[in-house]
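Summary of structural features
What follows is each chain in one-letter form.
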Amino acid sequence: MASEHKFRLGILGSGKGSNFVAIAGACASGEIPAGVALVLSDVEGSGILTHARERNLPARFISPGKFRTKLDEDAERAFVGALQEARVDLIVLAGFMRVLKGEFLRAFEGRIVNIHPSLLPSFPGLAAWQQALDHGVKVTGCTVHFVDAGVDAGPIIGQQTVPVRDHDTPDSLIQRIHTAEHELYPKCVAAIARGEISVQGRRVVWKKN
Ligand code: GAR
């Protein structure tokens, strides 16, 4: 649980919440020296909210407003307000399927991270595993990166590779990518919480590497 002095995470998601489960578990076990201060979703009844409530963590649905791929102005204000009120140190996007814009990025500059199911800069955007299958690559993976104004474009914190097998289906490949995500994301968040990484232009440097 988050205590006064602990590094505080705000986690945003729209879907099943399996990355949230991995991160919350790593916080509970001490692998990540942080607490989950707040979980927010733009999807009422999403798995991530259910998982958070099962763990007695503060969790809220906030309506995203009138747009399909981003938050409208009122929604942006509500998300930013809730995260500021919860005094979060880092915002962790865990399957949050809306692009964050101006006010949100300004409020938490350099303090938002995302996970994407490909080896960026290959296959940004939607259904990255399907893009990998369509392209016929033999290796794909997942990427944790800082969020900037581009789509899936900020400085890369960590990547983990996954083989693409000849007879993979979208389901078999995404499952393998998910397994890699659940290993990589907690490691990256732990390093940030410990103050072990710094950003030098496009490069993220791990002090222990
Ligand atoms: C994850 O595979 C994550 O990489 C992807 O959504 C999934 C969420 O799963 N995110 C994106 O595609 C963002 N561009 P989860 O809800 O089970 O954590």
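Everything discussed here concerns the structure shown above.
Keep in mind that this is a model prediction, so the values were computed, not measured.

Quick notes on the rules
- Residues numbered from 1 in each chain as written.
- Predicted model: local features only at pLDDT ≥ 70, side-chain atom pairs only at ≥ 80, totals over all residues.
- Heavy atoms only, no water.
- Near = heavy atom within 4 Å.
- Polar contact = N/O pair within 3.5 Å; in protein donor to acceptor, adjacent residues only side chain to side chain.
- Areas by Shrake-Rupley, 256 points an atom, 1.4 Å probe, with all protein chains shown as cover.
- 1 Å grid on protein atoms, 1.4 Å probe; cavity = no way out; pocket = protein on both sides within 12 Å on 5 of 7 lines; lining within 4 Å.
- Sits in = over half its atoms within 2 Å of the grid points.
- Helix = DSSP H or I, 4+ residues; strand = E, 2+ residues; numbered from the N terminus.
- Core = buried A, V, L, I, M, F, W, Y, C linked by side-chain atoms within 4.5 Å.
- Buried < 20%, exposed > 50% of the residue type's maximum accessible area, 1.4 Å probe, protein only.
- Contact = heavy atoms within 4.5 Å.
- Axes fitted to C-alpha atoms, helices over the stretch in contact; angles between N-to-C directions.
- Parallel < 35°, antiparallel > 145°, perpendicular 65-115°, else oblique.
- Left-handed = near helix turned anticlockwise from the far one by under 90°.

**Some words on the site of the ligand**
Around the ligand lies a shell of 13 residues, among which G17, S18, N19, H178 and E181 are the nearest. In this structure, an oxygen atom belonging to the ligand sits 3.3 Å away from a main-chain N or O atom of K16. A distance of 2.7 Å separates an oxygen atom of the ligand from a polar backbone atom of G17. For the ligand, whose free accessible area comes to 450 Å², the fraction covered by protein is 89%. If you map the ligand onto the pockets, it falls in the largest pocket. Mapped onto the shell around the ligand, the elements with two or more residues apiece are α1 (18-29), β5 (112-116) and α6 (170-193).

**Focus on the nonpolar core**
Judged by nonpolar contacts, the single largest core of 42 residues is most densely connected at L9 and I11. Apart from the residues within four sequence positions on either side, L9 is in contact with I23, C27, A34, G35, V36, A37, L38, V88, L90, V92 and V189. Among the nonpolar cores identified, the runner-up in size contains 22 residues, and I62, A82, I112 and V147 belong to it.

**A look at the packing of helix α5 (residues 128-135) against α6**
Between α5 and α6, the least distance of the axes is 10 Å, while the angle of their chain directions is 120 degrees. When the axis of α5 is compared with that of α6, the two are oblique. Note on packing geometry: the crossing formed by α5 with α6 is right-handed. Touching W129, Q130 and L133 of α5 are P170, L173, I174 and I177, all from α6.

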